Amino acid sequence: MRRILPAKDHHKGGILIEFTFSIPLCIMLLFFINDHYRFYELKNKVKNSAYFAASMLQQIKNTKSDKQLTKEDFGRIAYASCLNFFRTNTMFTPWPFGVFYDTTFAYVKKIDSGTYQYQMTWACTLEGTSPSGIYTQCGSVVTRTQAQVEAIHPDLVCNNIGEERVLISCYYRKHHIGFKNKGQLGFFILEPKTMIATNGRTAIFFMYDLVITPKPGLFPAKTSS
């Protein structure tokens, strides 16, 4: 005589199969939630770095009689503004997060209806192993047309002759294009979208631009120490 099992015994196998399939899905969902949070966390850190760099740029010469910015000033600004993500000297080689920090400062001054003075300054942690070794460079002051200035950033276009503006750009860069270890940045699934830098050797991501009107006398920056 065939034994009839209780109804609840017929469902044990099905529940076990459903549970087995649900575990990987739950893990994938947790990884995606982590990556989504991490993505916006890093994006927000770069934004905060840009605002902090702008604040430092405006205040760093307050106690100095010579207000003109130097390469060393931009190095200090770059180092301090990235400490919201990097700790101690982790922004320097061997780059434990797989990235380094970069800032650029594009200065313009309208000198007539269609002509501008232009100077590009930048500081990054690609070179060196300490704050004193930050790579900085102040380009020469050159002439640009309004169309060229607008192509850099529309908000750099000035309304009045003699008006000055500065575009501050902060971003993280992979130390080489082929770097793929996203786990160093805390990602499990997502890969942050990057764009190739002008040097063709590094990749930029989490970039944030901020345009400000600098205090009088800060720019153009000194091209030598």
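Residues numbered from 1 in each chain as written. Predicted model: local features only at pLDDT ≥ 70, side-chain atom pairs only at ≥ 80, totals over all residues. Heavy atoms only, no water.

Caption draft 1: Quick peek at the nonpolar core. In this structure, Leu57, Phe74, Phe86, Ile168, Tyr172 and Phe219 are the most contacted members of the largest nonpolar core, which totals 37 residues. Counting residues per element, the ones that place at least two in this core are helix H1 (12-59), helix H2 (71-81), strand E1 (99-112), strand E5 (164-174) and strand E7 (203-212). Ignoring any residue separated from it by four or fewer positions in sequence, one finds Leu57 in contact with Leu69, Phe74, Ile77, Phe105, Ile212, Leu218 and Phe219. (Core = buried A, V, L, I, M, F, W, Y, C linked by side-chain atoms within 4.5 Å. Buried < 20%, exposed > 50% of the residue type's maximum accessible area, 1.4 Å probe, protein only. Helix = DSSP H or I, 4+ residues; strand = E, 2+ residues; numbered from the N terminus. Contact = heavy atoms within 4.5 Å.)

Caption draft 2: Expanded view of the packing of aromatic side chains. Counting across every chain of the model gives 18 aromatic pairs. Taken together, a centroid distance of 6.0 Å and an interplanar angle of 70° make the contact between Phe86 and Phe97 edge-to-face. Of this pair, Phe86 sits in the loop between H2 and E1 while Phe97 sits in the loop between H2 and E1, and the two are 11 residues apart along the sequence. With relative accessibility at 0%, the residue Phe86 sits in the buried group. Under the relative-accessibility criterion, Phe97 is labelled partly exposed at 21%. When the ring of Phe205 is compared with that of Phe206, the centres are 5.1 Å apart and the planes differ by 55°; the resulting orientation is tilted. (Phe/Tyr/Trp six-rings, centres within 6.5 Å; stacked < 30°, edge-to-face > 60°.)

Caption draft 3: The confidence of the model for the protein chain, seen in detail. Looking at the protein chain, pLDDT values average 88 and 87% of them are 70 or higher. Here strand E6 (residues 195-196) stands out as the least confident element of the protein chain, with mean pLDDT 78; strand E4 (residues 142-145) is the most confident, with 97. (pLDDT = per-residue confidence, 0-100.)

Caption draft 4: Highlighting the side chain of Thr104. Within the secondary structure layout, Thr104 lies in strand E1. Setting aside chain neighbours within four positions, we find Thr104 in contact with Met120, Thr121, Trp122, Leu167, Ile168, Ser169 and Tyr171.

Caption draft 5: Quick look at the environment of Glu163. Secondary-structure assignment places Glu163 in the loop between helix H3 (146-152) and E5. By relative accessible area, which is 17% here, Glu163 ends up buried. Taking the C-alpha atoms as reference points, Glu163 and Val108, 55 residues apart in sequence, are found 8.4 Å from one another. If near-sequence neighbours (up to four positions away) are discounted, Glu163 is found in contact with Val108, Lys109, Lys110 and Cys158. A polar atom in the side chain of Glu163 sits 3.1 Å from the backbone nitrogen of Asn160. (Polar contact = N/O pair within 3.5 Å; in protein donor to acceptor, adjacent residues only side chain to side chain.)

Caption draft 6: Region of the structure containing the pattern of salt bridges. As enumerated under the stated definition, the model contains seven salt bridges in all. Notably, a salt bridge pairs Asp73 with Arg76, separated by 3.1 Å at the nearest N-O pair. Of the two residues, Asp73 and Arg76 are both situated in helix H2; the distance of three residues between them amounts to about one turn of the helix. Relative accessible area serves as the criterion here: at 4%, Asp73 is assigned to the buried category. Put simply, Glu163 and Arg165 hold a salt bridge, and the shortest N to O gap is 2.9 Å. The residues Glu163 and Arg165 share a single accessibility class, namely buried. Residues participating in the shared-partner salt-bridge network are Lys61, Asp73 and Arg76. (Salt bridge = Lys/Arg side-chain N within 4 Å of Asp/Glu carboxyl O.)

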